[in-house]
Amino acid sequence: MSAPSGGRILLTAFVALVLTVLPLPPWLDVLRPVFLVLAVLYWSVNAPRTGDIALGFFAGLALDVFQGPVLGQHALALSLVTYIAVREHQRIRSKPAFQQALIVFAALAVYEFVLFAIDGWSGHPVTSALRWVHTVTGALLWPPVAAVLAYGSRGRA
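Residues numbered from 1 in each chain as written. Predicted model: local features only at pLDDT ≥ 70, side-chain atom pairs only at ≥ 80, totals over all residues. Heavy atoms only, no water.

**Things to note about the nonpolar core**
Inference 1: In this structure, Leu36, Val37, Leu41, Tyr42, Tyr111 and Trp142 are the most contacted members of the largest nonpolar core, which totals 36 residues.
Inference 2: Contributing elements (two or more residues each) for this core: helix H1 (6-21), helix H3 (35-46), helix H4 (53-66), helix H5 (73-87), helix H7 (97-121) and helix H8 (133-153).
Inference 3: Sort the elements by how many residues they give to this core and H3 lands first, with nine residues.
Inference 4: Those residues in contact with Trp142 that sit more than four places away from it in its chain are Leu38, Leu41, Tyr42, Ala97, Gln100, Ala101 and Val104. (Core = buried A, V, L, I, M, F, W, Y, C linked by side-chain atoms within 4.5 Å. Buried < 20%, exposed > 50% of the residue type's maximum accessible area, 1.4 Å probe, protein only. Helix = DSSP H or I, 4+ residues; strand = E, 2+ residues; numbered from the N terminus. Contact = heavy atoms within 4.5 Å.)

Written as structure tokens, this is what we have:
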């Protein structure tokens, strides 16, 4: 398998950003995972030299521009999660899909906890417990998201 190009990674991150910030009805918005975090996690695990901490930081900064009440909170949270994923990429990649989904659940929980802590420290209203549903739906969607991204990067040299 050849290394993915930087353009393919940026295109995937852009599509994931659009899917993350696309307006949805409130009842459906609760269930939507953070596709951008899933895409960055995928590239951090499968192409750690290309999908590194800089990708996590700039993807988080782009998400901050669209969503964040505090500039830099998504960038910090996604950089931390990306660092862990890049550091442990060989261990994560060697696991079956179910165990990878559990690892992604833990990574999304860390991501959401950092956002939760920054919201609390900065005096922004801490939303309801439904904010943690994103971690569950993200972990459930990890196997199909990883399969789609792997299929897109396969077969081209």
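**With respect to the pattern of salt bridges**
Inference 1: Enumeration according to the criterion identifies five salt bridges in this entry.
Inference 2: Here Arg131 ties to Glu112 by a salt bridge, and the two come within 2.9 Å at their closest N and O atoms. Residue Arg131 is found in the loop between H7 and H8, and its partner Glu112 is found in helix H7; the two are separated by 19 residues along the sequence.
Inference 3: Assessed through its relative accessible area of 10%, Arg131 is described here as buried.
Inference 4: We classify Glu112 as buried; its relative accessible area is 6%.
Inference 5: Taking the shortest distance from any N to any O, the salt bridge between Asp119 and Arg131 comes out at 3.3 Å. In this pair, Asp119 sits in helix H7 while Arg131 sits in the loop between H7 and H8, placing the two residues 12 residues apart along the sequence.
Inference 6: Sharing partners across several salt bridges, the network here consists of Arg87, Glu88 and Arg91. (Salt bridge = Lys/Arg side-chain N within 4 Å of Asp/Glu carboxyl O.)

**Regarding H5**
Inference 1: Here H5 is 15 residues long and its end C-alpha atoms lie 21 Å apart, about the 21 Å a rise of 1.5 Å per residue gives.
Inference 2: Where H5 is concerned, the buried positions are Gln73, His74, Ala75, Ala77, Leu78, Ser79, Val81, Thr82, Ala85 and Val86.
Inference 3: Turning to H5, the residues buried within the fold contact H3, H4, helix H6 (89-93) and H7. (Expected span 1.5 Å × (residues − 1).)

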